[in-house]
Amino acid sequence: MSTTTETEIPLRQRVAENPQPALIWAAVGAVLIGVELGAILQVVGAVAGVVVNLLPGDPGASAVQSLQAAFDAIPTLVSRDVIPNQGYWNGTGYENTFLGLSPAVAWAIRVAFVYAYAFAVLAWAWNGYKRFRRHYRRVDWTPRDDVVNRFRGHSWGKFGLIIVITFVVMAVFAPALGPTTMERNILQPYDYEVSYWSEDTQSVETVLVGEANLGSGSQGAGDENVAPMTYDDFGRFHPFGTATNGKDLFTQVVFGARISLTIAVVAMGIAGLIGLGLAMITAYYKGLADLATVLVSDSIQALPVIMVLILMLVIFQNTWVRELYDGAVLIILIFSIVYWPFIWRSIRGPALQVSEQDWIDAAKSFGQTPTQVMRKHMAPYVFSYMLIYASLSLGGIIISVAGLSYLGLGITAPTPEWGRLIANGQQYVASPSWHISLVPGLLITLVVTGLNAFGDGIRDAIDPQADTGDEAAATGGGA
Amino acid sequence: MSRWQYFLRRVLMSIPVVIFGTTITFALIRLGPLDPVSAILGTQYNPQAAEQIRTNLGLNQPLWSQYLDFMYDLFTFQLGQSWVIAPGTTAYELIEIYAPRTIWLGFWSVVIALFVGIPLGFYAGLNPNTPSDYAASFGGIVWRAMPNFWLAIMLVTALSQLGTWTNGLFTWQTWIVRTNVVTPPALGFFQSPVEQFLADPGGWTESFIRATKQIAPAALVLGSASMGNEMRIGRTAVLETINSNYVETARAKGVSGRSLVWKHIFRNALIPLVPIITGEAFLLLGGSVFVETVFAINGLGWLFFNAAINGDLPLIGTLMFIFILILVGTNILQDFLYTIIDPRVGYDG
């Protein structure tokens, strides 16, 4: 656009000179975020609650609680209250459901609505980037534009991206997506009641959710099964059927997505930070630092990953770390310790190459400190290689976590986890209750395929000539 | 640096790696929050027994002396014994019982993966961007993305239900030889195979086929990840080789199609496959825990898992050491293969 390339004009001034595109974009954003403001504040409140819980003596616990209550009261667009599906048949029509529709339809509308909202937000963010590029960026072209354009022409990568987004939305909006809530159906079923139409008495009756669950488990044949997309005897709709204990499978699956993705992303983030930091140090100082890191990382890589995970989970079984978030924190720590050598290995070569460049010498002779050189002049060039490797490794972590939970060592109850669901339904795979094991497994396959495809896309976009030799070790993981 | 000097350096590097890896294991077992003695005794804890085991394992010694003992025993292959899952049985006996099943499983999973993955990958690479290439590539990617333990559960179910689905036309259990779907393989025929074969060729062949059939589904699952990797890398390698200058040259000077594929493309495409094939050792050891659990094959993975959940820490230490040796050995093998196959090794780093 602009022919002026003076770098002194700050972004604020560039926006002020041509405010219209930015204003339109901001207005749309305000509407999109405004309708969900309550939910965002609720997340803030929940985080504050966790922080207060961790601090000794729980300072200000009551203040946080009142704050949470206030946030909960703010209505949000994408929530269970706007499109409720937990109603019942009163003999002539549905009560307490959205527009008097059947629970199944009401639930389907809410799911569609959640995804429509999520994609609208993403479209808005993408549009913001395009507006910035067109109207406000100082230069017409940057190398990053090529990366973005290459990714846009990569259909396999885009397919992966859509799948990844689908699962991320599932994890983020888990409470709104389920036909019932965690609290009501899984954590405290005996504290809640459900109303239903009884054929025997021809009237609406109420029963504790826990007791209703007992009567709607999926354990094989005939009336002991609630298949996907059906109602149970208490008028509750189950998109994926029920687990053996009668708890809703879909609710558990969406919350399982939350924990799986969290573990994978956080563990890979920590491992990436360690790997990147060490790569900078070893590339900058070389010699002894490099040799020591080679030794440590080779030793960790020589350990069988799954066996180490099993051993560490057993060793830490009765400690307080194991209790945090039903084991997720410990698993994240173990994965970061086990995975950083792989990341460091994959970026060691590029980091060494960068450290040989002339501009590093120049920066040094200008008197920049080693940290500055590493951070400003080396890390940005290596970061993309790390991104490639990390995105290709996420699937392996998800599979390993599911595998460990399947063995009974990973995430413990009550937090739902895909591997535990598979173990739960294992003996019923050949019976009409096949859905319990099949659905979580298919979802793992789908999300791992999506992550790998997305990783391929990122790799081809960032570095079209990338060496493909290294990635096999990244994926799989052996579970 | 010559190729063999490079190789020698890699072998020397592996010594500190084994020592370091074993040290990490020692640190986990002896310094972790789980006390080995209370793990061994579990609910039947009493001070006298605890004291006895403590003396027996040398846990009363200062830590550095414990460490030296631990390392010395392992590196002189005094592997100790089991304390919980088979009290009093030496680690040697346990490994002798359990290892053959895992080796049998590992052997077939490598073979199946190689003989399915590589041909499919090469086929896809020689016919790029055709429907069959897309089908093979996509299939390989999805196949690789499936969790082993889940795939194993599904396969077990499918095999046991085959009779019902085909109305009794085909049942896995009675196909060729009678076997159960979920069973440890009977490997008795391996003891003095030559004499047994000479004494009863038909019977020996039948038990060989039976053991192979018993292991085949588990091997297929265990090899799934490597099969997908081999296919993928094989395809890329062939594509890269096909478009390289020397293949162009060979084609221009009139080398026949068959000789072009086998001599010029196949051999060079094998190089990037070497780390994938040796890397299988990692996938196999880890995956064996899951696959052996689902298929009820009591091999090394199963032994390790049970030793772990029952708190048999001395046995775990020993098994971990064995696994480290296996993995480091495979890495050396990989370097050895590289040194033989790829003349460029050692020239640039």
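Residues numbered from 1 in each chain as written. Chains lettered and ligands numbered in written order. Predicted model: local features only at pLDDT ≥ 70, side-chain atom pairs only at ≥ 80, totals over all residues. Heavy atoms only, no water.

Asker: Teacher, can you tell me more about the UniProt feature "transmembrane region" (unreviewed entry) in chain B here?
Answerer: All names here are of chain B. Taking the numbering used here, the UniProt-annotated feature "transmembrane region" (unreviewed entry) corresponds to residues 12–31, 74–95, 102–124, 149–170, 269–291 and 303–328. Along residues 102–124 one finds 100% helix and 0% strand; the C-alpha atoms at either end are 32 Å apart. Across residues 303–328, the secondary structure splits into 88% helix and 0% strand, with the terminal C-alpha atoms separated by 21 Å. (UniProt positions renumbered as here; feature names shortened; annotations may be inferred. Helix = DSSP H or I, 4+ residues; strand = E, 2+ residues; numbered from the N terminus.)

Asker: Quick question: what am I supposed to make of the UniProt feature "domain: ABC transmembrane type-1" (unreviewed entry) in chain B here?
Answerer: Per the UniProt annotation, the sites labelled "domain: ABC transmembrane type-1" (unreviewed entry) are residues 99–334 of chain B. Span residues 99–334 of chain B is 78% helix and 0% strand, its end C-alpha atoms 22 Å apart.

Asker: What am I meant to see in the nonpolar core here?
Answerer: The nonpolar side chains of a soluble globular protein tend to be buried with one another. Among the nonpolar cores identified, the biggest contains 182 residues, and Leu177, Ile263, Ile310, Met378, Ile397 and Trp418 of chain A together with Phe304 of chain B are the most heavily contacted of them. When near neighbours in sequence (up to four residues on either side) are disregarded, Trp418 of chain A contacts Phe167, Val253, Gly256, Ala257, Ser260, Ile398, Pro440, Ile444 and Val447 of chain A. Ranked by size, the runner-up nonpolar core spans 13 residues in total, among them Phe122, Ala237, Ile242 and Leu260 of chain B. (Core = buried A, V, L, I, M, F, W, Y, C linked by side-chain atoms within 4.5 Å. Buried < 20%, exposed > 50% of the residue type's maximum accessible area, 1.4 Å probe, protein only. Contact = heavy atoms within 4.5 Å.)

Asker: Is there a simple way to think about the pairing of strand 4 (residues 203–208) of chain A in this case?
Answerer: In regular strands, side chains alternate between the two faces of the sheet. Residue and element names in this part refer to chain A. Here strand 3 (residues 193–198) runs beside strand 4; their pairing, made up of six bridges, is antiparallel. Considered in strand 4, the bridge of Ser198 is made with Ser203. The hairpin turn running from strand 3 into strand 4, its antiparallel successor, is four residues long, and Gln202 in that turn takes a positive phi close to 55 degrees. (Pairing = 2+ DSSP bridges.)

Asker: For this particular structure, what's the right way to read the domain arrangement of chain A?
Answerer: A common way to report how large an interface is uses the accessible area buried once the components associate. Residues and elements named next belong to chain A. On domain assignment, one finds that chain A holds domain 1 (185–247) and domain 2 (257–446). A straight line from the C-alpha centre of domain 1 to that of domain 2 covers 40 Å. Every contact between the two is made by 16 residues of domain 1 and, on the other side, 11 residues of domain 2. Where domain 1 abuts domain 2, roughly 920 Å² becomes buried across the two surfaces, and 67% of that area is made up of carbon and sulfur atoms. The tally of links between domain 1 and domain 2 comes to five residue pairs in polar contact (both at pLDDT 80 or more). Partitioning the side of domain 1 that touches domain 2 into residue classes produces eight nonpolar, seven polar and one charged. (Domains from an automatic or database assignment. Buried area = accessible area lost by both parts, 1.4 Å probe. Polar contact = N/O pair within 3.5 Å; in protein donor to acceptor, adjacent residues only side chain to side chain. Nonpolar A, V, L, I, M, F, W, Y, C, P; charged D, E, K, R; others polar.)

Asker: I keep staring at the interface of chain B and chain A and nothing clicks. Help me out?
Answerer: Listed by partner, the interface residues are 52 residues for chain B and 52 residues for chain A. When chain B packs against chain A, the two sides together hide about 4500 Å² of surface, and 79% of this comes from carbon and sulfur. The interface formed by chain B and chain A includes one salt bridge. In this assembly, chain B and chain A are joined by two residue pairs in polar contact (both at pLDDT 80 or more). For the side of chain B that touches chain A, the element with the most residues is helix 13 (residues 273–294) of chain B, which contributes 11 residues. Looking at the side of chain B that touches chain A residue by residue, the classes come out as 38 nonpolar, 12 polar and two charged. (Salt bridge = Lys/Arg side-chain N within 4 Å of Asp/Glu carboxyl O.)

Asker: Is there a simple way to explain the packing of helix 5 (residues 103–136) of chain A against helix 7 (residues 155–172) of chain A in this structure?
Answerer: Any two packed helices are characterised by the angle at which their axes cross and by the distance between the axes. All names here are of chain A. Running from N to C, helix 5 and helix 7 point in directions that differ by 115 degrees, and their axes come no closer than 11 Å. Between helix 5 and helix 7 lies a crossing of right-handed hand. Facing helix 5, whose interface residues are Val114, Tyr115, Ala118, Phe119 and Leu122, helix 7 presents Ile165, Thr166, Val169 and Met170. Its residues placed into classes, the contact of helix 5 with helix 7 shows eight nonpolar, one polar and no charged. (Axes fitted to C-alpha atoms, helices over the stretch in contact; angles between N-to-C directions. Left-handed = near helix turned anticlockwise from the far one by under 90°.)

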